[in-house]
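Below, each chain spelled out in residue letters.
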Protein chains: 2
Amino acid sequence: MSVILRNYPYDALQHGQEASLKRRLTMKDIELFAYVSGDINPAHLDREYAKTDLFHQIVGHGMWTGALISAVLGTRLPGPGTIYLEQTLQFTFPVMLGDEVTATVRVKKKLRKGRVVMECWCANQHGDVVVKGEALVLAPQEKIERAAVELPDVELRPHLPSAPQRD
Amino acid sequence: MSVILRNYPYDALQHGQEASLKRRLTMKDIELFAYVSGDINPAHLDREYAKTDLFHQIVGHGMWTGALISAVLGTRLPGPGTIYLEQTLQFTFPVMLGDEVTATVRVKKKLRKGRVVMECWCANQHGDVVVKGEALVLAPQEKIERAAVELPDVELRPHLPSAPQRD
């Protein structure tokens, strides 16, 4: 029951065509994003600190929303075979713990030599746009249809003082 | 033995000031980035597919390098209290499995009202720039010095067919 990934080669892309992906931001996501990026900013991880911060609560990493956008580009539209060239991001609203974020990309302009400008944005469950921007991608030339590799299960456990902490 | 996070408030930031962070890209990082973003593009996860792809091997998620940049901004320069407003990214070279990537940010221009333009780039162990761009941040107003919250340990295990896979 694996997920099948399909792409839209350059010739099949249509102006205005859209694709999306929805994720609910959990504390596990925040901890994993901190682990994988090294971004241990207390605004994302430290509940006591976060109370004193601008937003008065834990907020997600802005770049997590950038990662959702890149996920839509790389898995749905144009999908596998896409080469990521450029991305702009404007962080317009914080993402709070528990928010359901929908990342959407839309074909804005087909350029020459396989290049495509994609409009990109993420919105929360209230419809607030939390990030917006544009991507420039090199769209795939050939149709690809392939079963996705299954991801491992991920388990978080309190850090043991004896074990080395990740740099 | 926790890490102490310190920031540079707007008034303390100096033109040309730099900070960096170095990470070696492991398969665990790639799997975690895929898990947390939903980006299961086979270019990052599927060794057989990757052989047929442009780069002929597994490459990291471009946005992982964006995440490293955001980590330097959020933890070192300006550090805690920074509000992320905008980021541009140009992906100039692929990141290969095992690459040691150094993310660096540099104060480019102090604007009015606490806003600062930061030059940002990541380079691999050969000195190739893999991503570059600029960030616009709202620098913190006050000095913050705080022990970082300890991250949990992260363990990956082959997915059990009986367990529900993440969407």
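Residues numbered from 1 in each chain as written. Chains lettered and ligands numbered in written order. Predicted model: local features only at pLDDT ≥ 70, side-chain atom pairs only at ≥ 80, totals over all residues. Heavy atoms only, no water.

Visitor: I tried to follow the nonpolar core on my own but got confused; where do I start?
Guide: A general trend in soluble globular proteins is that nonpolar side chains are found buried together. Of all hydrophobic cores here, the largest spans 91 residues; its most connected members are A:Met63, A:Ile69, A:Met118, B:Met63, B:Ile69 and B:Met118. Among all residues touching A:Met63, those that are not within four sequence positions of it are A:Phe33, A:Leu89, A:Phe91, B:Met63, B:Gly66, B:Ala67, B:Ser70, B:Tyr84, B:Gln87 and B:Leu89. (Core = buried A, V, L, I, M, F, W, Y, C linked by side-chain atoms within 4.5 Å. Buried < 20%, exposed > 50% of the residue type's maximum accessible area, 1.4 Å probe, protein only. Contact = heavy atoms within 4.5 Å.)

Visitor: What's the story with helix α4 (residues 62-75) of chain B in this structure? I'm lost.
Guide: Given 3.6 residues to a turn, an α-helix orients residues that are three or four positions apart in the same direction. The terminal C-alpha atoms of α4(B), which comprises 14 residues, lie 21 Å apart, in line with the 20 Å expected from a rise of 1.5 Å per residue. Among the 14 residues that make up α4(B), 13 are buried, leaving the element largely enclosed by the rest of the structure. (Helix = DSSP H or I, 4+ residues; strand = E, 2+ residues; numbered from the N terminus. Expected span 1.5 Å × (residues − 1).)

Visitor: Hey, could you run me through the pairing of strand β4 (residues 100-110) of chain A in this one?
Guide: Consecutive side chains along a regular strand alternate between the two faces of the sheet. All names here are of chain A. As paired strands, strand β2 (residues 18-24) and β4 are joined by seven bridges and run antiparallel to one another. Opposite Arg24, over in β4, you have Glu100 as the bridge partner. Connecting β4 to the antiparallel partner strand β5 (residues 115-123) that follows it, the hairpin turn spans four residues, and Lys113 within it adopts a positive phi of roughly 55°. (Pairing = 2+ DSSP bridges.)

Visitor: So what exactly am I meant to see when it comes to the sheet that holds strand β6 (residues 129-138) of chain B here?
Guide: What holds strands together in a sheet is hydrogen bonding between their backbones, with the strands either parallel or antiparallel. The strand order across the open sheet formed by ten strands is β2(A)-β4(A)-β5(A)-β6(A)-β3(A)-β3(B)-β6(B)-β5(B)-β4(B)-β2(B), and the pairing between neighbours is antiparallel. With one partner strand each, in any of the chains shown, β2 of chain A together with β2 (18-24) of chain B form the two edges of the open sheet. Across this sheet, the average inter-strand angle for adjacent strands is 20°, counted without regard to direction. In the sheet, strand β3 (residues 83-91) of chain A pairs with strand β3 (residues 83-91) of chain B via five bridges, with the strands oriented antiparallel. Each residue of the ladder has a partner; that of A:Glu86, found in β3(B), is B:Gln90. Sitting on the sheet, helix α4 (residues 62-75) of chain A touches β2, β3, β4, β5 and β6 (129-138) of chain A together with β3 of chain B, and the angle it makes with β3(A) is about 145°. (Axes fitted to C-alpha atoms, helices over the stretch in contact; angles between N-to-C directions.)

Visitor: So what exactly am I meant to see when it comes to the packing of α4(A) against α4(B) here?
Guide: Across the interface, α4(A) lies against α4(B) with an axial gap of 10 Å and an inter-helix angle of 175°. Considering the angle they form, α4(A) stands roughly antiparallel to α4(B). Across the interface between the two elements, A:Met63, A:Gly66, A:Ala67 and A:Ser70 of α4(A) pack against B:Met63, B:Gly66, B:Ala67 and B:Ser70 of α4(B). Class assignment of the residues belonging to the contact of α4(A) with α4(B) gives a composition of four nonpolar, four polar and no charged. (Parallel < 35°, antiparallel > 145°, perpendicular 65-115°, else oblique. Nonpolar A, V, L, I, M, F, W, Y, C, P; charged D, E, K, R; others polar.)

Visitor: Can you help me understand the relation of the copies chain A and chain B in this one?
Guide: One chain copy maps onto the other through a rotation about an axis and a shift parallel to that axis. Expressed as a screw operation, the relation of chain A to chain B combines 0.0 Å of axial shift with a rotation of 180°, fitting to an RMSD of 0.0 Å. Both copies of the chain, as the preceding transformation shows, are related through a two-fold rotation axis. Nearest to the rotation axis, the C-alpha of A:Thr88 is located 2.2 Å from it, this being the minimum over chain A. (Least-squares fit on C-alpha atoms with pLDDT ≥ 70 in both.)

Visitor: How should I be thinking about the pattern of salt bridges in this particular structure?
Guide: Think of it this way: side chains of opposite charge can pair up when their charged atoms draw near. By the definition in use, this model includes 18 salt bridges over all chains. Across the pair A:Asp46 and B:Arg146 runs a salt bridge, and its minimum N-O distance is 2.7 Å. Placement of A:Asp46 in the loop between α2 (42-45) and α3 (47-52) and of B:Arg146 in strand β7 (residues 145-147) is noted, with the two residues assigned to different chains. Of the residues examined, B:Arg146 reaches a relative accessible area of 30% and is grouped as partly exposed. (Salt bridge = Lys/Arg side-chain N within 4 Å of Asp/Glu carboxyl O.)

Visitor: Hey, could you run me through the interface of chain A and chain B in this one?
Guide: One widely used convention gives an interface's size as the accessible area the parts lose upon coming together. Taken together, the 66 residues of chain A in the interface contact 65 residues of chain B. Together, the buried faces of chain A and chain B total about 6,200 Å²; carbon and sulfur atoms form 58% of this surface. The tally of links between chain A and chain B comes to 22 residue pairs in polar contact (both at pLDDT 80 or more). Broken down by secondary-structure element, the contributors of at least two residues to the side of chain A that touches chain B are β2, α1 (27-37), α2, α3, α4, β3, β7 (145-147) and β8 (153-157) of chain A. The residue inventory of the side of chain A that touches chain B, partitioned by class, reads 36 nonpolar, 13 polar and 17 charged. Relative to strand β8 (residues 153-157) of chain B, β8(A) is paired through five bridges, and the arrangement is antiparallel. Pairing of A:Leu156 across the sheet is with B:Val154, part of β8(B). (Buried area = accessible area lost by both parts, 1.4 Å probe. Polar contact = N/O pair within 3.5 Å; in protein donor to acceptor, adjacent residues only side chain to side chain.)

Visitor: Can you walk me through the packing of α1(A) against α4(B) in this structure?
Guide: Pairs of packed helices are described in terms of their axes, by the angle between the two and the distance that separates them. It is at 9 Å that the axes of α1(A) and α4(B) come closest, and there the two elements cross at 90°. Taken together, the axes of α1(A) and α4(B) lie roughly perpendicular to each other. Taking contact as the criterion, the partners of A:Phe33, A:Val36 and A:Ser37 in α1(A) are, on α4(B), B:Trp64, B:Ala67, B:Leu68 and B:Ala71. The class makeup of the residues in the contact of α1(A) with α4(B) is six nonpolar, one polar and no charged.

Visitor: Looking at this structure, I do not really get the packing of aromatic side chains. What am I missing?
Guide: To describe a pair of aromatic rings, you give the distance between the ring centres and the angle between the ring planes. All chains considered together, the criterion is met by three aromatic pairs over all chains. With 6.0 Å between their ring centres and 45° between their planes, A:Phe33 and B:Phe33 make a pair best called tilted. Linking A:Phe33 in helix α1 with B:Phe33 in helix α1 (residues 27-37), this pair reaches from one chain into another. You'll find A:Phe33 and B:Phe33 in the same group, each marked buried. Aromatic side chains A:Phe91 and B:Tyr84 sit 4.5 Å apart centroid to centroid with 25° between the ring planes, which places their arrangement in the stacked category. Here A:Phe91, found in strand β3, pairs with B:Tyr84, found in strand β3, and the two come from separate chains. Pair check on accessibility: A:Phe91 and B:Tyr84 agree, each one buried. Over the aromatic face of A:Tyr10 sits the side chain of A:Lys110, whose NZ or CZ is 4.6 Å from the ring centroid. A cation over a ring is seen here: B:Lys143 above B:Tyr8, with NZ or CZ 5.4 Å from the ring centre. (Phe/Tyr/Trp six-rings, centres within 6.5 Å; stacked < 30°, edge-to-face > 60°. Lys NZ or Arg CZ within 6 Å of the ring centre and 35° of its normal.)

These figures capture arrangement, not role.
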